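As a plain string of letters, each chain reads:
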Amino acid sequence: MSTTRRKIMSNTLGLALAAVTSTVLALPAMAQTTTQTLSSESVIETIKQDGVIRIGLSVFTPWSMRDINGELIGFELDVGRALAEDMGVEVEFVPTAWDGIIPQLVSGNFDVIISGMSITPARNLTINFSNPYAYSGLTVLANTAMTEGFTLDDYNSADVTFAARRGATPATVIAQLFPEATLLLFDEDGAATQEVLNGNAHATMSAEPTPSIEARRYPDTLSVPFDQTFLATGEGFALRKGDPDALNYFNNWIAVRHASGWLKDRNDYWFKGTDWEDQVTQ
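Cut-offs used in this document
- Residues numbered from 1 in each chain as written.
- Predicted model: local features only at pLDDT ≥ 70, side-chain atom pairs only at ≥ 80, totals over all residues.
- Heavy atoms only, no water.
- Core = buried A, V, L, I, M, F, W, Y, C linked by side-chain atoms within 4.5 Å.
- Buried < 20%, exposed > 50% of the residue type's maximum accessible area, 1.4 Å probe, protein only.
- Helix = DSSP H or I, 4+ residues; strand = E, 2+ residues; numbered from the N terminus.
- Contact = heavy atoms within 4.5 Å.
- Polar contact = N/O pair within 3.5 Å; in protein donor to acceptor, adjacent residues only side chain to side chain.
- 1 Å grid on protein atoms, 1.4 Å probe; cavity = no way out; pocket = protein on both sides within 12 Å on 5 of 7 lines; lining within 4 Å.
- Points joined across faces, edges and corners; volume = space filled by probe spheres on them.
- Nonpolar A, V, L, I, M, F, W, Y, C, P; charged D, E, K, R; others polar.
- Phe/Tyr/Trp six-rings, centres within 6.5 Å; stacked < 30°, edge-to-face > 60°.
- Lys NZ or Arg CZ within 6 Å of the ring centre and 35° of its normal.

The nonpolar side chains of soluble globular proteins are, as a tendency, buried together. Within the largest apolar cluster, 64 residues are counted, with the highest numbers of intra-cluster contacts made by Y133 and F237. Here this core gets seven residues from one element, more than from any other, and that element is helix α3 (residues 75–87).

So, in structure tokens, the structure goes:
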């Protein structure tokens, strides 16, 4: 091999090695820049800068509701206030109609949804979910006289009418479990329950403890006919996609509050007890 050719090969190899070395050395810097960009764009940074976390929720008992003075109380309010306190910021709750709550989150009208939202694959296509912070199954709440002697299969009939809140998980589950039944949709859980009370619908479905509370409130008219829950998949914080920092923070916060027993304590108070009932309009 000639001296000239050896020099050319040596120079080429040197340039290649230099390029590889330069790329390898640049990778940590590139990774750091990417990480810094993601962090700076996180809603966590916006919350810290503004000094307030804006939480979207929809009013339904006992997750979130109005007390006799018109103030918001409930499990979600306890969770949201504790979250804000741990972040060192104020909290602003943004009551929002359920069927528009996900679009409002995606549009940036609040930072996170904390509203008993069940984790479902369909919702997960549009938003991200934290790990569950609560678990509640759905149960049937029925008009006792209209459904006397019914088995679960009897509810799947064209002669049966269900009522449910528009856009909520119970409406989807009713349609799946009882496809032959008629389904009436309303903007609020209370309106769906009222239809059952009035005899305009045979039954509704919602997350416990609401059905059991309503059955105790109207024992002559309403009942929970089956000792069976449906779709106890868990409820998570909902946040916009593409925000790993926020997902990490919310997951860690939930884990810490689970480990301390605080979430269980608050859940037991609102979902298993009745001490709070005199605070709300009956």
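Turning to unusual backbone geometry, a few remarks are in order. Omega for the bond connecting T61 with P62 falls within 30 degrees of zero, at -10°, which places this linkage in the cis form. The residue P62 is located in the loop between β1 (52–57) and β2 (65–66) in this model. Each neighbour pair has its own omega, and for E208 with P209 the value is 15°, a cis peptide bond. Residue placement: P209 occurs in the loop between β10 (203–207) and α8 (210–217).

A few words now on the environment of N128. Assignment of secondary structure puts N128 in strand β6 (residues 128–129). Put simply, N128 and A238 are 110 residues apart on the chain and 5.8 Å apart in space, counted from C-alpha to C-alpha. Leaving out residues up to four positions away in the same chain, N128 has contacts with F237, A238, L239, R240, K241 and G242. At a separation of 3.3 Å, a polar atom in the side chain of N128 contacts the side chain of K241.

Here the structure, examined in full by the defined rule, presents two cavities of 30 Å³ or more. Taken as a whole, the largest cavity encloses approximately 180 Å³ of empty space. In this structure, the largest cavity is lined by 20 residues; those nearest its centre are F60, G116, R165, P170 and A207. Every element with two or more residues in the lining of the largest cavity is listed here: α6 (169–177) and β10. Within the lining of the largest cavity, the residues separate by chemical class into nine nonpolar, seven polar and four charged. What lines the second largest cavity is simply A164, R165, D189, A192, T193, T204, M205, S206 and T210. Counting residues per element, the ones that place at least two in the lining of the second largest cavity are β8 (161–165), α7 (189–197) and β10.

Enumeration according to the criterion identifies 18 aromatic pairs in this entry. The interplanar angle of 75° and the centroid separation of 5.7 Å between the aromatic rings of Y155 and F226 together place this pair among those described as edge-to-face. Here Y155 is found in the loop between β7 (138–143) and β8, whereas its partner F226 is found in the loop between β11 (222–223) and β12 (238–239), with 71 residues between them in sequence. You can call Y155 buried: its relative accessible area is 0%. Between F162 and F178, the aromatic rings sit 4.8 Å apart at their centres with planes inclined by 15°, giving stacked as the arrangement. Taken as a pair, F162 in strand β8 and F178 in the loop between α6 and β9 (182–186) lie far apart in primary sequence, 16 residues in all. Assessed through its relative accessible area of 4%, F178 is described here as buried. The cationic tip of R266 hangs over the ring face of Y269; the distance from NZ or CZ to the ring centre is 4.8 Å.

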